[in-house]
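# Structure at a glance
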Amino acid sequence: MRTERANGHGQADRRDPKVVVGAAIIDDGRVLACARAAPPEVAGRWEFPGGKVEPGESEPAALIRECAEELAVRVAVGERVGRDVRMAHGRSVLRVYTARLLHGDQPEALEHSALRWLSADELDTVDWLPADVPIVSALRPLLANS
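First, a word on scope: everything that follows refers to the structure included in this document. Values in this document were obtained by computation on a predicted structure and should not be read as measured data. (Residues numbered from 1 in each chain as written. Predicted model: local features only at pLDDT ≥ 70, side-chain atom pairs only at ≥ 80, totals over all residues. Heavy atoms only, no water.)

### Considering the overall build of the chain
Across its full length, the chain carries two helices and nine strands. Secondary structure elements in the chain, listed N-terminal to C-terminal, are β-β-β-β-β-β-α-β-β-β-α. Of the contacts formed within the chain by residues at least 6 apart in sequence, a portion of 64% connects residues at least 24 apart. Put simply, the chain shows about 8000 Å² of open surface, and 48% of that area lies on carbon and sulfur atoms. (Helix = DSSP H or I, 4+ residues; strand = E, 2+ residues; numbered from the N terminus. Contact = heavy atoms within 4.5 Å. Areas by Shrake-Rupley, 256 points an atom, 1.4 Å probe, with all protein chains shown as cover.)

The structure is reproduced here in structure tokens:
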């Protein structure tokens, strides 16, 4: 997927969208959901932890870094979940991967207002951010089979 925008010379400039990665951390048939603390317009809504992929960084490396920064956990990154989800009017794309906790680590809400472990039957009990909704649908059968 590519987006176009005008450069300083009035010509279209094609750029790949920024990639945002998310972690569907699965443990014992449940997935970790995180409530946003900020900004105010999305505070209290739920998401998968993660963030932007930095230049020169692989998607799995970004996910490992983001989980350490946001949750103080080490994770092993697994397979992709669902499809690319366009965000920010096409300027960004969300890619979510399964992940599992390593070394008995337990997540801490360092950047979120709350954390919840949700089974397949509980996925609809939180107010997900719009970008995460398609991932929730793709995740449901994975949780039901784990």
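### Some details on the packing of aromatic side chains
Taken as a whole and assessed by the stated rule, the structure comprises one aromatic pair. Seen from the ring of Tyr97, Arg80 lies directly overhead, with NZ or CZ sitting 5.8 Å from the centre. (Phe/Tyr/Trp six-rings, centres within 6.5 Å; stacked < 30°, edge-to-face > 60°. Lys NZ or Arg CZ within 6 Å of the ring centre and 35° of its normal.)

### Let's talk about the state of the cysteines
Inspection of the entire model under this criterion finds zero disulfides. Summary of cysteine pairing: Cys34 is not part of a disulfide, and the nearest cysteine sulfur, belonging to Cys67, is at 8.4 Å. Residue classification places Cys34 among the buried positions, given a relative accessible area of 0%. (Disulfide = S-S within 2.5 Å. Buried < 20%, exposed > 50% of the residue type's maximum accessible area, 1.4 Å probe, protein only.)

### Some details on the side chain of Ser92
Its place among the elements puts Ser92 in strand S8 (residues 92-101). Residue class for Ser92 comes out buried when judged on its relative accessible area of 11%. Look past the residues within four positions of Ser92 in its chain and what remains in contact with it is Pro17, Lys18, Val20, Val85, Arg86 and Met87.

### Considerations on the pairing of strand S3 (residues 18-27)
Of all 10 residues that make up S3, seven are buried, and the element is covered over most of its length. With eight bridges connecting them, S3 and S8 associate as parallel partners. Bridge assignment links Val19 to a residue of S8, and that residue is Val93. Pairing of S3 with strand S6 (residues 50-52) involves three bridges; the strand directions are antiparallel. Following the sheet pairing, Val21 is matched in S6 by Gly51. Pairing analysis gives two bridges linking S3 to strand S4 (residues 30-36), with the strands arranged antiparallel. When the bridges of S4 are listed, Ile26 appears paired with Val31. Between S3 and S4, which follow one another and run antiparallel, lie two residues, and Asp28 among them has a positive phi close to 55°. (Pairing = 2+ DSSP bridges.)

### Brief notes about the nonpolar core
By size, the foremost hydrophobic cluster in this structure holds 21 residues, and its most contacted members are Val31, Phe48 and Trp128. Where this core is concerned, the elements lending two or more residues are S3, S4, strand S7 (75-87), S8 and helix H2 (133-144). It is H2 that provides the largest number of residues to this core, a total of four residues. In this structure Phe48 touches Ala23, Ala24, Val31, Leu32, Trp128, Asp132, Ile135, Val136 and Leu139, once residues within four positions along its chain are discounted. Formed by 16 residues, the second largest nonpolar core is a distinct cluster that contains Val21, Leu71, Val75 and Ala99. (Core = buried A, V, L, I, M, F, W, Y, C linked by side-chain atoms within 4.5 Å.)

### Some details on unusual backbone geometry
Omega for the peptide link from Ala38 to Pro39 comes to -10°, which places this bond in the cis form. With respect to the secondary-structure elements, Pro39 resides in the loop between S4 and strand S5 (46-47). In the Ramachandran plot, Ala72 falls in the positive-phi region, its phi being about 55° despite a non-glycine side chain. Mapping Ala72 onto the fold places it in the loop between helix H1 (59-71) and S7. For Ala72, a relative accessible area of 35% corresponds to the partly exposed category. Its identity as a non-glycine residue notwithstanding, His103 has a phi of 60°, on the positive side.

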